[in-house]
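Chain and residue survey
So the chains spell out like this:
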Amino acid sequence: MTDQTTQVKRRRVFHIPGYDPIHPRRYRELYRTESAAQAVISGYEIDVQARSSDKTFGWTVNANIDGSDVAARVDVLVWSDIVRDSMAQSIPATYGQLVQTAWIYISTGTLRRLMWMRKGPVIAALYPVGMLLLQLFAAVVIGRVVGGAAQGALLWLGAVTGTGLIAEVIGWVAWGLKYLLWAGITIALLRWFKKKDNKLFAYYLMHDYAFSARSYGAIPPALEGRMKEFGDTIAEAFSGNVDEVLVVGHSSGAHLAVSVLADLIREGRVPVDGPKLAFLSLGQVVPMVSFLPRARRLRTDLAFLSTQNLLTWVDVTAPGDGCCFALCDPVGVTGVSPPGKHWPLVISAAFTQSLTPARWKALRWRFFRLHFQYLCAFDQPKDYDYFQITAGPVTLQDRYADRPPSKSRIDVAASKYTSVMPL
């Protein structure tokens, strides 16, 4: 066994989830079940225990990997309450969000620029628009058909049984019944569609895209405050007895992590001679935000972080994940690559190779489940193993020290907006 495989005994892991209304215990249970599955496949031992804290939610991990004992503490940025508040919208308000969000992405030219890179995440962004419009169309048409049928039946009855004033009154009643049923059935069906959103995800995704778009890419104040508190917690970890501080940003949590880390380094809160700092971005959707006109803060942080020697930044995506910008260098495609840029290292989790054909077949069309595969077990893993990264004896820097970037990565500037904040 080399020194490289025994360098980490203790690790602090800070997980920043994406736009998710479910409490972070979901991530603990996912880690517990999937790490156990990966341990069986890969031949190591891992134990996960719940941990309570006044500041954060998390768990502890004790593992024996490659003959080395490693202890890790995982803390999760809690912002599910902010997500739930943003999702507490009425049906008309959600359709208002649809119009506003579509207008922002189309009028700014951002949607067209995003389509230059990967079609998958753009289709995912258009999906809630199409699905919500389809639901509205179906509800209106069905309501009109039923209302019209009821009106016709009542008019026929009036023609058969009544004459004069009675027929006229029945005609007015039929007219009123038509529009009453039309409106009632339309509303009832729209409410039913919303109740089924745990399977359709139209409302969820609409709220997700609207959350960032409504401020044209600027970070909402409530979330900014939560990120500052989490940054303070990360900074405290450098004074502890640990060998590596690892920050994980998944989905939209990746661009939040970029800003949190950029602030810490700029403020001088990452010691040069302290624990190794590592950043693992997974399934990122950075361009959905960084391409918006007011995302200057994010673009500034991307450019800054890409040149820093105080951290190792590895960006992992997979073409099989249709909800992310697979193999798109978030700094390069945003058009803010500065001189001296050397991060991130863009690599693929290669779902089609790291999952057996049977497993890939079972997951291939489960798009939202695949977006979480980075946090799950692989039944024929290659060089990406989330649990070895978070609980294994090798730092992120050494694990990928000789790993070349993916040959199919996209790093050509595509954003219309490249302005940054003044230094």
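Below, the structure is looked at part by part. Just so you know, these numbers come straight off a predicted model, no measurement behind them. In every chain, residue numbers begin from 1 and rise along the written sequence. Local features in this predicted model are restricted to residues of pLDDT 70 or higher, and side-chain atom pairs are both shown and tallied only at a pLDDT of 80 or more, whereas totals for entire chains, interfaces and linings draw on every residue. To obtain the side-chain values, all non-hydrogen atoms of the structure were included, while hydrogens and water were left out.

1. Overview of the sheet that holds strand 8 (residues 345-348)
Taken in spatial order, the 8 strands make up an open sheet running 2-3-4-1-5-6-7-8, and their pairing is mixed. Both edges of this open sheet fall to strand 2 (45-51) and strand 8, since each of them pairs with a single strand only. Strand-to-strand twist in this sheet, taken as the mean axis angle between neighbours without regard to direction, amounts to 20°. Pairs of strands are assigned from DSSP output, requiring at least two bridges between the strands. Helix and strand labels come from DSSP, where a helix needs a run of H or I of at least four residues and a strand needs a run of E of at least two; each type is numbered from the N terminus. Axis geometry follows a simple rule: fit a line to the C-alpha atoms, using only the stretch in contact for helices, then measure angles between N-to-C directions, giving values from 0 to 180 degrees.

2. Observations concerning the pairing of strand 3 (residues 57-65)
Bridge count for strand 2 against strand 3 is 7 bridges, and the pairing is antiparallel. Looking across to strand 3, one finds that Ile46 is bridged to Ala63. Bridge count for strand 3 against strand 4 (residues 68-76) is 9 bridges, and the pairing is antiparallel. Bridge pairing in strand 4 links Ala63 to Val70.

3. A few points about the nonpolar core
One broad trend across soluble globular proteins is that nonpolar side chains are buried collectively. Ranked by size, the top nonpolar core spans 45 residues in total, and within it Leu280 and Tyr384 carry the most contacts. A contact between two residues is defined here by any heavy atoms of the two lying within 4.5 Å. Setting aside anything within four residues of it in sequence, one finds Leu280 in contact with Leu246, Val247, Val248, Gly249, Val314, Val316, Tyr386, Ile389 and Leu396. By convention a nonpolar core is built from buried Ala, Val, Leu, Ile, Met, Phe, Trp, Tyr and Cys residues, the set being connected through side-chain atoms within 4.5 Å. A simple rule labels every residue: compare its accessible area, found with a 1.4 Å probe on the protein chains alone, to the largest value its type can have, and call it buried under 20%, exposed over 50%, or partly exposed in between. Tyr19, Ile82, Leu256 and Leu264 belong to the second-largest nonpolar core, a separate cluster that totals 41 residues.

4. Topic: the environment of Leu310
Structurally, Leu310 is set in the loop between helix 12 (296-305) and strand 7 (311-317). A relative accessible area of 28% means that Leu310 is categorised as partly exposed. Here the alpha-carbon distance between Leu310 and Val145, two residues 165 residues apart in the chain, equals 65 Å.

5. A word on a nonpolar patch on the surface
A cluster of nonpolar residues, Leu134, Phe137, Val141 and Val145, forms a patch on the protein surface that exposes about 390 Å² of accessible area. Following the sequence through the fold, Leu134 ends up in helix 5 (residues 119-161). On the accessibility criterion, Leu134 (51% relative accessible area) is exposed. The patches described consist of residues with a relative accessible area above 30% and no salt bridge, like charges being joined within 9 Å and nonpolar side chains (Val, Leu, Ile, Met, Phe, Trp, Tyr) within 5 Å. In this description, accessible areas are obtained by the Shrake-Rupley approach with a 1.4 Å probe, and a residue is regarded as covered only by the protein chains that are shown. In the sections that follow, a salt bridge refers to a side-chain nitrogen of Lys or Arg positioned within 4 Å of a carboxyl oxygen of Asp or Glu.

6. Things to note about helix 9 (residues 221-237)
Every helix has an expected span of 1.5 Å times one less than the residues it contains. Between its first and last C-alpha, helix 9 extends 25 Å over 17 residues, near the 24 Å set by a 1.5 Å rise per residue. Those residues of helix 9 that fall on the buried side of the exposure criterion are Leu223, Met227, Phe230, Gly231, Thr233, Ile234, Ala235 and Ala237. Along its buried surface, helix 9 packs onto strand 1 (10-16), strand 4, helix 2 (80-87), helix 8 (202-213), strand 5 (244-250) and helix 10 (253-266).

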